[in-house]
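# Secondary and tertiary structure notes
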Amino acid sequence: ACTGIENIDEAITLLEQNNWDLVAAINGVIPQENGILQSEYGGETIPGPAFNPASHPASAPTSSSSSAFRPVMPSRQIVERQPRMLDFRVEYRDRNVDVVLEDSCTVGEIKQILENELQIPVSKMLLKGWKTGDVEDSTVLKSLHLPKNNSLYVLTPDLPPPSSSSHAGALQESLNQNFMLIITHREVQREYNLNFSGSSTIQEVKRNVYDLTSIPVRHQLWEGWPTSATDDSMCLAESGLSYPCHRLTVGRRSSPAQTREQSEEQITDVHMVSDSDGDDFEDATEFGVDDGEVFGMASSALRKSPMMPENAENEGDALLQFTAEFSSRYGDCHPVFFIGSLEAAFQEAFYVKARDRKLLAIYLHHDESVLTNVFCSQMLCAESIVSYLSQNFITWAWDLTKDSNRARFLTMCNRHFGSVVAQTIRTQKTDQFPLFLIIMGKRSSNEVLNVIQGNTTVDELMMRLMAAMEIFTAQQQEDIKDEDEREARENVKREQDEAYRLSLEADRAKREAHEREMAEQFRLEQIRKEQEEEREAIRLSLEQALPPEPKEENAEPVSKLRIRTPSGEFLERRFLASNKLQIVFDFVASKGFPWDEYKLLSTFPRRDVTQLDPNKSLLEVKLFPQETLFLEAKE
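I will try to describe carefully the structure that is included in this document. Since the model is a prediction, treat every value here as computed from it, not as a measurement.

### Some thoughts on the sheet that holds strand E16 (residues 570-576)
One open sheet holds the 5 strands; their spatial order is E16-E15-E19-E17-E18, and the pairing between them is mixed. Two strands lie at the open edges of the sheet, namely E16 and strand E18 (607-608), each paired on one side alone. Bridge analysis of strand E15 (residues 558-564) against E16 gives 7 bridges, and the strand direction is antiparallel. When the bridges of E16 are listed, Lys560 appears paired with Arg574. Packing of helix H16 (residues 581-590) onto the sheet brings it into contact with E15, E16, strand E17 (598-602) and strand E19 (626-633), and relative to E16 it is tilted by some 150°.

### Thoughts on the side chain of Ser327
Considering the arrangement of structural elements, one finds Ser327 in helix H9 (residues 315-330). Using a relative accessible area of 14% as the deciding quantity, one classes Ser327 as buried. Not counting chain neighbours up to four residues away, the residues in contact with Ser327 comprise Arg218, Asp332 and His334.

### So, the pattern of salt bridges
Counted according to the given criterion, the structure contains 31 salt bridges. Across the pair Glu597 and Arg535 runs a salt bridge, and its minimum N-O distance is 3.7 Å. Highlighted residues: Glu597 in the loop between H16 and E17 and Arg535 in helix H15 (residues 458-545), separated in sequence by 62 residues. Classification of Glu597 by relative accessible area gives partly exposed; the value is 35%. Through salt bridges with shared partners, a single ionic network connects Glu325, Arg329 and Asp367.

### Regarding the state of the cysteines
Applying the stated criterion across every chain, the model contains 0 disulfides. Among the cysteines around Cys381, which has no disulfide bond, Cys333 carries the closest sulfur, lying 6.4 Å off.

### Points about the sheet that holds strand E5 (residues 126-128)
Taken together, the 4 strands give an open sheet; going across it, the order is E4-E3-E6-E5, and neighbouring strands pair in mixed fashion. Whereas interior strands pair on both sides, the edge strands pair on one side only; in this sheet they are strand E4 (95-102) and E5. Averaged over all neighbouring strand pairs, the angle between strand axes comes to 30°, with direction disregarded. The pairing of strand E3 (residues 85-92) with strand E6 (residues 149-155) spans 5 bridges and is classified as parallel.

### Considering the packing of H15 against H16
Packed helices, taken two at a time, are described by the angle between their axes plus the distance between the axes. Two numbers describe how H15 lies on H16: the axes approach to 8 Å, and their chain directions differ by 135°. As judged from the angle between their axes, H15 and H16 are oblique. In this structure, the crossing between H15 and H16 has a hand that is left-handed. Between H15 and H16, the residues in contact are Arg539, Leu542 and Glu543 and Asp586, Ala589 and Ser590, respectively.

Calculation criteria
- Residues numbered from 1 in each chain as written.
- Predicted model: local features only at pLDDT ≥ 70, side-chain atom pairs only at ≥ 80, totals over all residues.
- Heavy atoms only, no water.
- Pairing = 2+ DSSP bridges.
- Helix = DSSP H or I, 4+ residues; strand = E, 2+ residues; numbered from the N terminus.
- Contact = heavy atoms within 4.5 Å.
- Axes fitted to C-alpha atoms, helices over the stretch in contact; angles between N-to-C directions.
- Buried < 20%, exposed > 50% of the residue type's maximum accessible area, 1.4 Å probe, protein only.
- Salt bridge = Lys/Arg side-chain N within 4 Å of Asp/Glu carboxyl O.
- Disulfide = S-S within 2.5 Å.
- Parallel < 35°, antiparallel > 145°, perpendicular 65-115°, else oblique.
- Left-handed = near helix turned anticlockwise from the far one by under 90°.

See below:
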């Protein structure tokens with residue numbers, strides 16, 4: 001509407017030449033003084049019709065500038081379209097190939113370059129990763145409306161894998177298999193049975209589901225994908241799906257995104273006057289830019305709800321709304337905002353082990369700034385920035401649009417960073433927002449490494465983030481070294497304490513074992529004494545119960561027995577021939593050799609006397625008139 005450029009390709013070319021600086025691009029083509037537009041492409045000047053303020057009262061000058069605004073509808077010859085260069089990073093197995101081509105080239109030309117680099121025939125090569133699905137080799141890149149930087153990957157299902165490992169063979173086999181996906185549409189309770197090859201990507205599945213359910217990919221909410229399916233560019237064979245069929249559920253992501261879409265249908269789009277037929281601007285959505293972003297509009301008519309509620313009691317709830325509204329405005333590819341208070345973000349980033357610490361990035365949003373839309377959509381949501389932040393930063397956000405929220409953040413800022421940082425933020429003008437604060441935690445305080453304003457580029461933002469990471473990494477290495485030394489000292493102390501504890505336990509165990517041994521010895525000694533006393537009492541009772549020894553000259557027959565003990569001594573005694581054998585056993589027992597422990601043996605013939613009937617007489621057992629016996633301990 002300002003420049004009269006109707007062709008979207010010319011507009012994109014001008015923006016790229018001005019490093020996507022919208023103001024610089026417009027200033028490069030709008031009319032200068034005296035209605036003359038200076039052309040950068042041929043050095044020629046094109047006169048333009050003078051602007052009549054009387055016929056356009058709404059465009060009366062509002063500043064002190066003396067130059068008149070003379071809009072000119074430039075001819076097609078003024079901006080001669082330069083070839084647009086596209087960058088492709090192509091991944092094949094463990095290799096990455098960078099390809100740079102003009103957008104007038106075809107997909108087949110990319111394959112020919114890859115054939116020389118990868119030594120793979122074009123006929124065996126499948127080039128995947130196109131946002132519009134599979135494309136033909138004859139397709140012109142310009143017709144695909146691609147961004148400047150693109151990521152693709154090559155599949156070669158007809159070629160054997162470089163390794164003969166079973167895993168690679170299984171993956172190659174999975175690429176050739178067909179997966180049946182049973183997808184349930186949650187809202188309408190309808191099932192779709194879809195067949196996909198193993199080489200199809202998750203993104204292709206989501207696009208097919210969009211055709212069936214009319215749910216855009218960015219609004220699809222899935223259940224059932226394996227945990228390994230973390231990237232939409234991953235093929236199904238690598239995603240961990242169950243073969244041959246796998247169940248999934250899809251639904252529409254809930255409000256505020258859904259509410260925003262429904263309300264947008266009821267609001268008439270506001271456009272500046274343009275001679276364009278409208279088709280060129282519809283193509284702009286393919287670049288991820290909506291009409292509001294193209295013209296830098298911050299109109300409240302395009303915003304359906306604030307980023308953050310006013311006077312929110314709970315910071316976590318406020319950040320939940322902030323994240324949801326941010327996703328609805330700029331898409332799901334954005335930094336992962338920490339949900340919680342600023343103190344909790346400090347805990348997550350700083351108060352952990354040194355190896356796990358991260359920088360804290362605080363994003364300060366302001367809806368009234370003209371830079372907000374461009375900064376959020378083009379820089380903060382750039383894949384490189386999102387990836388770098390997620391790996392190295394804890395990202396916390398706050399909306400300063402409302403005065404109450406601004407005052408609340410300044411209070412937090414004064415408490416955590418001091419009055420200097422708070423005053424710096426307080427003095428920032430609205431058009432200098434959004435701001436990006438890079439915070440590094442130190443032993444005694446939190447240090448603000450960098451304050452990045454919204455008027456920056458992706459490359460500059462990345463460079464400043466990387467510079468902050470270099471400072472943080474150096475400090476982190478020192479902290480890791482100190483922490484390792486401290487842990488080493490603590491480990492030595494713990495080992496010493498453990499060794500001392502084990503020594504005490506060993507001494508106590510040894511003492512307890514000695515006490516148990518002494519107690520056992522005492523108990524055994526008591527038992528032995530009791531047994532000896534019992535045996536002595538038995539011996540005395542047997543000795544008293546023995547009949548008197550008969551004299552040699554006795555009227556009755558007398559048997560003289562000579563008994564040899566195990567020690568070699570002899571026991572001699574006379575018994576009446578009529579005495580029972582039991583009396584001999586009692587005599588031997590009274591001398592300390594009980595018959596249940598010893599056996600009494602005769603020599604000729606050798607026999608065990610203790611096995612004989614103790615009630616028989618000595619005469620009956622042929623121990624008469626004399627006999628020599630010997631005692632032997634039983635086994």
